[in-house]
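Fold and contact review
Listed below are the residues making up each chain.
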Amino acid sequence: DKGDLSLAQGKPDAALALYEQATVAEPGNAAAQFKRGAALQVLARPSDATQAYLAALELDPDLAPALNNLAWLAIGSGTNLDVAATRAAKAVELAPDNASFRDTLGWVYRAQRKWTEAETVLEKAASMKPPMASVKYHLGVVYLDQKKQDMARRAFTEALAIDPDHAGSKAALQRLDDSS
């Protein structure tokens, strides 16, 4: 709990130290390994985060957040996208009401250039409650990938209605306006 509090307070180094203590004290604790990975991810240490998430999955193969985060890290590196798609799909299967997990799956499909699949998954995620600006933005990007400018504009506008400061949506709308 102290690690969670430290992470929430923007102190990932302190959180990591506490999570590492927890993994030593309880080596079979999948949640502690997952949280260690989350702290490492915040600290921009993707290789170490990957190892922590894999350790968590060894302990609990159905730990949906670890599956999701591994898939997200793979998008960033552009590697193992087929494995990432399998992991993201399993996370969605385990937690079908989690829009963030669907968002990750859609973004993996985009990285694989599977536009139709990406659009379908992201449209579902964008329709879920509560609405998330990042999901609407990702949907807009996929629409742009397919040259669907009007649909993209709507998605970016919806993202800004949720979060008026969403930088990606602001920039995308500006680019659309400049190209008109």
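Residues numbered from 1 in each chain as written. Predicted model: local features only at pLDDT ≥ 70, side-chain atom pairs only at ≥ 80, totals over all residues. Heavy atoms only, no water.

Check the secondary structure of the protein and you find 11 helices and 0 strands. Counting from the amino terminus, the protein carries its helices and strands in the arrangement α-α-α-α-α-α-α-α-α-α-α. Taken against the 2.2 N^0.38 rule, which gives 16 Å for 180 residues, the C-alpha radius of gyration of the protein at 18 Å falls within 12% of a compact globule. Classification of the 180 residues of the protein by burial places 42% in the buried group. When contacts within the protein are restricted to residue pairs at least 6 apart in sequence, long-range pairs at least 24 apart make up 44% of them. In the structure as shown, the protein presents an accessible area of about 9400 Å², 52% of it carried by carbon and sulfur atoms. (Helix = DSSP H or I, 4+ residues; strand = E, 2+ residues; numbered from the N terminus. Rg over C-alpha atoms; globule rule 2.2 N^0.38 Å. Buried < 20%, exposed > 50% of the residue type's maximum accessible area, 1.4 Å probe, protein only. Contact = heavy atoms within 4.5 Å. Areas by Shrake-Rupley, 256 points an atom, 1.4 Å probe, with all protein chains shown as cover.)

Time to look at the packing of aromatic side chains. As enumerated under the stated definition, the model contains 2 aromatic pairs in all. Ring centres of Phe 34 and Tyr 53 lie 5.5 Å apart, and the angle between their planes is 35°; this geometry places the pair in the tilted category. Taken together, the residues span a long stretch of sequence, with Phe 34 in helix H3 (residues 30–42) and Tyr 53 in helix H4 (residues 46–59) at a distance of 19 residues. This pair shows no difference in class: Phe 34 is buried, exactly as Tyr 53 is. The interplanar angle of 40° and the centroid separation of 5.7 Å between the aromatic rings of Tyr 137 and Phe 156 together place this pair among those described as tilted. (Phe/Tyr/Trp six-rings, centres within 6.5 Å; stacked < 30°, edge-to-face > 60°.)

Looking now at the nonpolar core. In this structure, Tyr 53, Leu 63, Ala 66, Val 108 and Phe 156 are the most contacted members of the largest nonpolar core, which totals 50 residues. For this core, the element with the highest residue contribution is helix H5 (residues 64–77), accounting for 8 residues. Those residues in contact with Phe 156 that sit more than four places away from it in its chain are Tyr 137, Gly 140, Val 141, Leu 144, Ser 169, Ala 172, Leu 173 and Leu 176. (Core = buried A, V, L, I, M, F, W, Y, C linked by side-chain atoms within 4.5 Å.)

Attention now moves to the packing of helix H6 (residues 81–94) against helix H7 (residues 99–111). When two helices pack together, their arrangement is given by the angle between the helix axes and the distance between those axes. Between H6 and H7, whose axes approach to 9 Å, the crossing angle comes to 155°. Here H7 runs roughly antiparallel to H6, going by the angle between their axes. The interaxial crossing formed by H6 with H7 has left-handed handedness. Of the residues in H7, those touching H6 at Leu 81, Ala 84, Ala 85, Ala 88, Ala 89, Ala 91 and Val 92 are Phe 101, Arg 102, Thr 104, Leu 105, Val 108, Tyr 109 and Ala 111. Class assignment of the residues belonging to the contact of H6 with H7 gives a composition of 12 nonpolar, 1 polar and 1 charged. (Axes fitted to C-alpha atoms, helices over the stretch in contact; angles between N-to-C directions. Parallel < 35°, antiparallel > 145°, perpendicular 65-115°, else oblique. Left-handed = near helix turned anticlockwise from the far one by under 90°. Nonpolar A, V, L, I, M, F, W, Y, C, P; charged D, E, K, R; others polar.)

As for its position among the elements, Arg 102 is in helix H7. There is no salt bridge for the buried Arg 102, and the closest opposite charge comes from Asp 97, which lies 5.9 Å off by N-O distance. With residues up to four places along the chain from it excluded, the contact list for Arg 102 reads Val 92, Pro 96, Val 121, Leu 122, Lys 124, Ala 125 and Met 128. (Lys, Arg positive; Asp, Glu negative; His and termini not counted. Salt bridge = Lys/Arg side-chain N within 4 Å of Asp/Glu carboxyl O.)

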